[in-house]
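Examining the three-dimensional arrangement
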Amino acid sequence: FDVFSIQDAVGNADIIAILLPDQVMSEVYDISISPNLSAGKILQFSHGYNIHYEKIVPPKDVDVMMVAPSGAGKMVRQEFEKGSGVPNLIAIHQDYSGVAFDMALSYSKAIGGTRSAAFKSTFKEETETDLFGEQVVLTGGIPKLIQNSFKVMVESGYSPITAWFVSYYEVKLIVDLFNENGFQFMNDAISDTAEYGGQTRGNRLMGDSATSHMKSFLSEIQSGEFFKEWEAESQSGLPHLEELREKDANSEFEAVSKVLLNAIYRNKSDS
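The following paragraphs examine the structure supplied in this document. As a convention, each chain's residues are numbered from 1 in the sequence order in which they are written. Local features are withheld for residues below a pLDDT of 70 in this predicted model, meaning they are given only at 70 or higher, and side-chain atom pairs are given and counted only at 80 or more; totals for whole chains, interfaces and linings count all residues. Excluded from the side-chain calculations are hydrogens and water; all other atoms, namely the structure's heavy atoms, are used.

1. Comments concerning the overall build of the protein chain
Secondary structure counts use DSSP, requiring at least four H or I residues in a row for a helix and at least two E residues in a row for a strand, with both numbered from the N terminus. The helix and strand tally for the protein chain stands at 15 helices and five strands. Per-residue accessibility, obtained with a 1.4 Å probe over protein chains only, is compared with the maximum for each type, and a residue is labelled buried under 20%, exposed over 50%, and partly exposed between these values. Burial statistics for the protein chain: of 271 residues in total, 30% are counted as buried. Considering only residue pairs separated by 6 or more positions, the protein chain has 61% of its internal contacts joining residues 24 or more positions apart. Accessible surface for the protein chain amounts to roughly 17,100 Å². Of this, 55% is attributable to carbon and sulfur atoms. The convention is simple: Lys and Arg are positive, Asp and Glu are negative, and His and the chain ends are not counted. Note on charges: their place is set at NZ of Lys, CZ of Arg, CG of Asp or CD of Glu. One finds the centroid of the 22 positive side-chain charges in the protein chain at a distance of 4 Å from the centroid of its 38 negative side-chain charges. Note on contacts: a residue pair qualifies if any of its non-hydrogen atoms lie within 4.5 Å across the two residues. Surface accessibility in these figures is a Shrake-Rupley result with a 1.4 Å probe; residues are shielded only by whichever protein chains are displayed.

See the structure below:
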């Protein structure tokens with residue numbers, strides 16, 4: 001297909017899908033998209049962040065819709081190629097044409113979303129719940145729980161290899177058990193010892209303190225505090241994020257992961 005500059009693409013297209021990182025999207029919109037918009041165009045987002053926090057304020061004579069897949073872009077493509085799809089959240093911010101929802105549903109179908117499931121939402125709900133899910137479960141809670149459980153075991157004298165398998169490798173196996181059929185199916189499949197230990201100690205781990213932190217994180221998202229924090233971080237060149245990345249990259253956990261993942265999945269030896 002022919003490749004155009006953003007400016008030319010916006011001028012030629014009826015639907016403009018803005019699939020850019022949150023921290024650069026508004027700048028690209030202001031410089032290359034907004035000056036080339038005309039009445040009746042459709043702005044399509046995969047995440048509500050820039051609209052919800054008003055970093056982007058579209059003109060009133062365009063449709064603004066969102067089709068947000070519940071998964072990374074790579075997964076969306078993989079499932080589409082399999083003839084399946086990733087569930088989508090659909091939301092309408094502006095309905096200038098009167099048929100914005102129909103267009104969003106059509107877009108969802110075109111990327112495979114409706115092959116799986118599509119649900120109505122809002123830009124506000126999608127943004128706030130997406131940030132919360134990332135921070136508390138997906139990219140915050142699960143990785144940090146794994147890293148810290150590994151650290152506790154190693155510091156208690158256990159082999160890093162054994163600790164890695166218990167805290168990291170077996171996570172996928174247990175997720176596969178409950179992913180399609182729920183937690184009760186998982187509990188039926190595991191030993192009574194594992195179920196009892198998980199139920200009792202899991203409730204203690206996720207006690208009042210953890211719940212309080214979750215509520216605090218959600219409050220920071222709802223109030224805009226996290227938005228302001230991330231704005232300051234991104235505008236200053238990501239110094240804190242780079243520090244955290246370097247710390248993780250140089251950790252014992254990452255060193256063990258590199259060796260074992262190569263051995264298990266790539267059949268490579270690490271010198």
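2. Side note on the pairing of strand β2 (residues 42–45)
Covered by surrounding structure in β2 are Ile42 and Gln44 together with Leu43 and Phe45, the residues of both alternating faces. Here the rule is simple: two strands pair whenever DSSP picks up at least two bridges between them. Both strand β1 (residues 15–18) and β2 contribute to a ladder of four bridges, which runs parallel. Bridging across to β2, Ile15 finds its partner in Ile42. Viewed along the sheet, the connection from β1 through helix α2 (residues 22–33) into β2 turns out right-handed. Examined bridge by bridge, β2 and strand β3 (residues 63–69) share four bridges and lie parallel to one another. Here is how to tell: hold the view so the strands point away, follow the path from the first strand over the helix to the second, and if it runs clockwise the crossover is right-handed.

3. A closer look at the nonpolar core
Each nonpolar core is a collection of buried residues, namely Ala, Val, Leu, Ile, Met, Phe, Trp, Tyr and Cys, held together in the definition by side-chain atoms within 4.5 Å. Ile18, Tyr29, Ile33, Leu37, Leu43, Phe45 and Phe123 are the most contacted members of the largest nonpolar core, which totals 18 residues. Where this core is concerned, the elements lending two or more residues are β1, α2, β2 and β3. No other element matches α2, which puts four residues into this core. Grouped together as the second largest cluster of nonpolar side chains are nine residues, Val154, Trp164, Val256 and Leu261 included.

4. Looking at the side chain of Glu233
Note on placement: Glu233 falls in helix α13 (residues 225–235). We define a salt bridge as a contact between a side-chain nitrogen of Lys or Arg and a carboxyl oxygen of Asp or Glu at a distance within 4 Å. Buried Glu233, no salt bridge; nearest opposite-charge side chain is Arg245, N-O distance 8.0 Å. Setting aside anything within four residues of it in sequence, one finds Glu233 in contact with Leu238, Pro239, His240 and Leu241.

5. Quick look at helix α12 (residues 208–223)
Given a helix with a known number of residues, its expected span is that number minus one, times 1.5 Å. With 16 residues, α12 ought to run about 22 Å at 1.5 Å a step, and its terminal C-alpha atoms sit 22 Å apart, in line with that. Positive backbone phi, approximately 90°, marks Gly224, located one or two places after α12.

6. Description of α13
One full turn of an α-helix is made of 3.6 residues, so residues set three or four places apart face in the same direction. Phe227, Trp230, Glu231, Glu233 and Ser234 are the residues of α13 that are buried. One face of α13 carries all of its buried residues, which in axial projection span an arc of 165°. Among the exposed residues of α13, those pointing more than 90 degrees away from its buried face are Lys228 and Gln235. The elements touched by buried residues of α13 are α2, α3 (49–52) and α14 (239–249). Just past α13, the residue Gly237 takes up positive phi, approximately 95°. Starting at the helix axis, one direction is taken to each C-beta atom, and the arc is that of these directions.

7. Examining the environment of Ala9
Its place among the elements puts Ala9 in helix α1 (residues 6–12). Along the chain, Ala9 and Asn36 lie 27 residues apart, while their C-alpha atoms are 9.2 Å from each other.

8. Things to note about the packing of helix α8 (residues 141–155) against helix α15 (residues 252–266)
In the contact formed by α8 and α15, the axes pass within 10 Å of each other and the chain directions differ by 95°. It follows that α8 is roughly perpendicular to α15 by the angle criterion. Judged by residue contacts, Ile146, Gln147, Phe150 and Val154 of α8 engage Glu252, Phe253 and Val256 from α15. The residue classification treats Ala, Val, Leu, Ile, Met, Phe, Trp, Tyr, Cys and Pro as nonpolar and Asp, Glu, Lys and Arg as charged. All others, Gly included, are polar. Partitioning the contact of α8 with α15 into residue classes produces five nonpolar, one polar and one charged. Only C-alpha atoms enter the line fits that serve as axes; for helices the fit covers just the stretch in contact. Angles between N-to-C directions range over 0 to 180 degrees. In these notes the angle categories are as follows: under 35 degrees is roughly parallel, over 145 is roughly antiparallel, 65 to 115 is roughly perpendicular, and the rest is oblique.

9. Points about the side chain of Glu231
Relative to the helices and strands, Glu231 resides in helix α13. Non-local contacts of Glu231, meaning those with residues more than four positions away in its chain, are made with Tyr49 and Lys55.

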